[in-house]
Amino acid sequence: MADDTGNTAGQPPRRRVPGPAGPARPGARQRPGPGHRPARRPAPPRPAAPKALRLGSPRPRLRLVGLALTLVLSVFVVRLLQVQAVEADTYAAKAGQNLQVGQVLDAERGEITDRNGVALATSEDAYDITADPTMFAPDQLEIPDGPEQAAVLLAPILGQDQDKLVEKLRPDNKALRYVKLASRQTPQVWKQIKDLKTALAKKAKTDTSSANVLAGVLSVPTSKRVYPNNELAAGILGWVNAEGKGGGGIELQLDKRLAGEDGSIRFVQSGGRLVPTAGSSETPAVPGSDVELTIDRDIQWAAQNAISEQVEKSAADRGYVIVQDTRTGEVLALANAPGFDPGDLSEADPAALGNAALQDAFEPGSTAKVMSMAAVLEEGAATPQTHVVVPNRLHRGDRLFKDDVDHPTWYLTLNGVLAKSSNIGTILATGQLGKTQAQANKVLYDYLRKFGLGDHTGLGFPGETKGILAPPGAWSTSQQYTIPFGQGVSVNAMQAASVYSTIANGGVRIEPTLVRGTKGPDQRFTPAPEPEKSRVVSEKTAKTLARMLESVVDDEEGTGTKARIPGYRVAGKTGTANRVDPATGKYHGYTSSFAGFAPADQPRITVYCAIQNATEGSYFGGQICGPVYKKVMEFALKTLQVPPTGAEPANLPVTFTR
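Note that this is a predicted model, so its numbers are computed, not measured.

Here we come to the environment of F485. By the element assignment, F485 lies in the loop between α16 (479–482) and α17 (493–504). Taking C-alpha positions, F485 is 10.0 Å from M373, a pair spaced 112 residues apart along the chain. Not counting residues within four places of it along the chain, the set of residues in contact with F485 comprises G365, S366, K369, F401, N423, T426 and I427.

Under the defined criterion, the tally for this structure stands at 22 salt bridges. Of the charged contacts in the structure, one is a salt bridge between K180 and D128, with a shortest N-O distance of 3.4 Å. Taken together, the positions of K180 in strand β4 (residues 179–185) and D128 in strand β3 (residues 119–131) put the pair 52 residues apart, joining distant regions of the chain. Given the relative accessible area of 3%, D128 is considered buried. Here D298 ties to R297 by a salt bridge, and the two come within 3.6 Å at their closest N and O atoms. In this structure D298 comes out as partly exposed when scored by relative accessible area, which is 37%. Residue R297 is classed as partly exposed on the basis of its relative accessible area of 29%. Taken together, the shared-partner salt bridges connect R109, R225, E251 and D255 into one network.

Chain-level statistics for the protein chain give a pLDDT mean of 87 and a share of 85% at 70 or above. Note on residues 1–31: pLDDT is under 50 here. Beyond four places in sequence and across chains, it has 13 contacts.

Analysis parameters
Residue numbers here run from 1 along each chain, matching the order of that chain's written sequence. With the structure being a predicted model, the display of local features is reserved for residues of pLDDT at least 70 and the display and counting of side-chain atom pairs for 80 or more, all residues being used for whole-chain, interface and lining totals. Each side-chain value is worked out from all heavy atoms of the structure, with water and hydrogens disregarded. Only DSSP runs of H or I covering at least 4 residues are called helices, and only runs of E covering at least 2 are called strands; the numbering of each starts at the N terminus. We call two residues contacting when some pair of their heavy atoms lies within 4.5 Å. Salt bridge, as applied in this entry: a Lys or Arg side-chain nitrogen positioned within 4 Å of an Asp or Glu carboxyl oxygen. Accessibility here uses a 1.4 Å probe with only protein chains present; expressed as a share of the type maximum, an area under 20% marks a residue as buried, one over 50% as exposed, and anything in between as partly exposed. Within a predicted model, pLDDT stands for the predictor's per-residue confidence, ranging from 0 to 100.

Take a look at the structure:
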């Protein structure tokens, strides 16, 4: 049986023999015939082997790089030689326009206030107007007259001489890069300059022929001292000079505390402008401490007003009034006339500067008799009722002594001697202080020293005089008898006031004080040190003297009746002394005075008034200083709300019957 291949079953299969090749059909695939060996496909062409790379020599290239570097370095070397050797000065000058500039930062000055915190001296924002002279050089401004043009603009604003400004601005006259044109100018002044600078800068941008001649004008923030009450308390406060230092008074005395500590700043400037991020450094200033005075502004005003009116009315050279708290020694007012405005010294009379109440040494006259009486009472040489026969003239040494008026023989008590202010009676009383005149002189001298004469008061005030008190061995023949009634010895007004405060304080002297304390930048208040105290006379003697001083004011025969204050018991003493003219050194005119305290039986306030060389009207102390005392004392009693005691006066006898 054959299968479909034509092979019989059981026989091996036969090979199929291909038939003869016929014509190829189009598109038909040709099969190879029997025995045909298919042809080999041609091998793809092999890529050509790369040619071997030959490296060039590096020497030419290195030579080229080396030559280029040599040329570059040569340029740098040549330029360096040019900058450092040939044009060193030129480039140093240009570099100088961008250097660090150092300035002082002024510390804010502390305030001065009265005892109630009312400002008497304070500081306001201000500017120091400065300049960099190098920026006015012709090569900087590209004009030859920069300083002159700048001075024309600045002179009317700063109120300064134009030629002086030019001198400051000339770069050829200064090696400085900082010069101060004006100190402590108001913000308005600096704004005027700043506006001018801005206008000139804008013009220079649009007009190449213009230059900003104020580009080198700068400012440094600072402060300006201001005295809100003008002349009030000027003698106490003093003033601050153009350098910002105290020039007198408390401003000078406590300058270090008030001034604080200045700081400093260094910054880079370019073209007259601050470069804020270019290495600036700053040490902040430490503000000064505030100073609180013992002064009461209102009482100071009353005292200054009263003494100014009387000095003008009497056509006097000057006058002073002191108000003191008898219990503490604190000075409540210290007024001088004429005065001055510490904020405008250009209008001040040089003779009025300072504090005459502390700097004038004058013979006190009869107000000093209270010390003589204190010595007599304390030593037990007499009592207020002791009889003293007072003749019209008394011969002592080489002189005849008299009282201020001619009179028949007076028959006075010791109280009457004080009430009628008898020179002769005082000489007779103090003569009982020793068995000999020399011994009496020594005893009196010791008491005068205890009362504070011949020494500083303790205020520590600049220029304060100690007065003049010669040792008893040096007293002349006449001084032995004139010193007991206040001639031949000199005091200042504070010393004179302190004598009466000592009596009012029960015989204990308390050093006067003007400063209550200070307040630092941390706002902590530090009280002033306690004043020194010393007993001068016993409390009994002090009370007896207070009753005797009442007779001067209350008794119709007393010399101080114009000092009476309705409702109050007043203790006081008049004084009229021959005055030494400071210009000639000879006696000319009078020192008129009045001193006292109130209430007499419970003292609270002492007032002392003195007027120098009254030339119109009366010159007696009771007549021209008594009214001043009354005005000031009345005002002080009301201000401090001191009520009358309501007690009756002592009414000690003034005369005795033979």
